[in-house]
Amino acid sequence: MKNLIFVILIILIVFSLSAEERYYYKVDKQIKIDGEIKEILEAEYKKGKENFIELKIFDKSKKEEYLIQVAPIWFIENPFMKGEKISVWGSLVKDDKNERRMIAREIKRERMEGIMILRDKRGFPMWRGMERHHKDRM
């Protein structure tokens, strides 16, 4: 009986983990795309955590659309604009829906100077550890 309960618990844990969409930055899958923002979205990545900004970008040279995971909403100081031209360096990841998805590491915006650094060279988020401080200010 104990073995049966243990097996059921393991199965439930595996299914609950696989139900969440999780994407990890892969340094060996980095590419650069240049495109125009077609749509600005808000997406939930973890229950209880703040939503992320996602951008749908069309790269004319590759003739492909990408869904870009940018950062938590509170981390972005200057809002993105539909039609804005940007260059994105990041990691390609696979998803269940067969969409071209990327986790952004750096974004260069045509209408702004400088580069927006979102992750370090190993792919770790720049906002790591800041969530607690952000919630304290609210």
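Above: the structure in question.
Quick caveat: nothing in here was measured; it's all calculated off a predicted structure. (Residues numbered from 1 in each chain as written. Predicted model: local features only at pLDDT ≥ 70, side-chain atom pairs only at ≥ 80, totals over all residues. Heavy atoms only, no water.)

Peer 1: Looking at this structure, how should I read the side chain of Arg 119?
Peer 2: Following the sequence through the fold, Arg 119 ends up in the loop between β6 (115-117) and α2 (131-137). For the buried Arg 119, which has no salt bridge, the nearest side chain bearing the opposite charge is Asp 120, at an N-O separation of 7.3 Å. From its side chain, Arg 119 meets the backbone oxygen of Gly 123 in a polar contact 2.7 Å long. Non-local contacts of Arg 119, meaning those with residues more than four positions away in its chain, are made with Tyr 25, Gln 69, Ile 103, Ala 104, Arg 105, Phe 124, Pro 125, Met 126 and Trp 127. (Helix = DSSP H or I, 4+ residues; strand = E, 2+ residues; numbered from the N terminus. Buried < 20%, exposed > 50% of the residue type's maximum accessible area, 1.4 Å probe, protein only. Lys, Arg positive; Asp, Glu negative; His and termini not counted. Salt bridge = Lys/Arg side-chain N within 4 Å of Asp/Glu carboxyl O. Polar contact = N/O pair within 3.5 Å; in protein donor to acceptor, adjacent residues only side chain to side chain. Contact = heavy atoms within 4.5 Å.)

Peer 1: For this particular structure, what's the right way to read the packing of aromatic side chains?
Peer 2: What characterises a pair of aromatic rings is the spacing of the ring centres plus the angle enclosed by the ring planes. For the structure shown, the criterion picks out three aromatic pairs. Ring centres of Phe 52 and Trp 127 lie 5.7 Å apart, and the angle between their planes is 75°; this geometry places the pair in the edge-to-face category. Of this pair, Phe 52 sits in strand β2 (residues 52-59) while Trp 127 sits in the loop between β6 and α2; the two residues are 75 residues apart in sequence, bridging distant segments of the chain. Between Trp 74 and Phe 75 the ring centres are 5.9 Å apart and the planes differ by 85°, which places this aromatic pair in the edge-to-face class. (Phe/Tyr/Trp six-rings, centres within 6.5 Å; stacked < 30°, edge-to-face > 60°.)

Peer 1: I keep staring at the nonpolar core and nothing clicks. Help me out?
Peer 2: If you look at the biggest cluster of nonpolar residues, it comprises 23 residues, and the most contacted ones within it are Leu 55, Ile 68, Val 70, Phe 80, Val 88, Ile 107 and Leu 118. Sequence-distant contacts of Leu 55, that is, excluding residues within four places in its chain, are made with Ile 37, Glu 39, Ile 40, Tyr 66, Leu 67, Ile 68, Val 70, Phe 80 and Ile 86. (Core = buried A, V, L, I, M, F, W, Y, C linked by side-chain atoms within 4.5 Å.)

Peer 1: I'm lost on the pairing of strand β1 (residues 30-43) in this one. Help?
Peer 2: Along any regular strand, the residues point their side chains to alternate faces of the sheet. Sheet topology places β1 next to strand β4 (residues 85-93); seven bridges connect them, and they run antiparallel. When the sheet's bridge partners are listed, Lys 32 is paired in β4 with Trp 89. In the sheet, β1 pairs with β2 via seven bridges, with the strands oriented antiparallel. Paired with Ala 43 across the strands is Phe 52, a residue of β2. (Pairing = 2+ DSSP bridges.)

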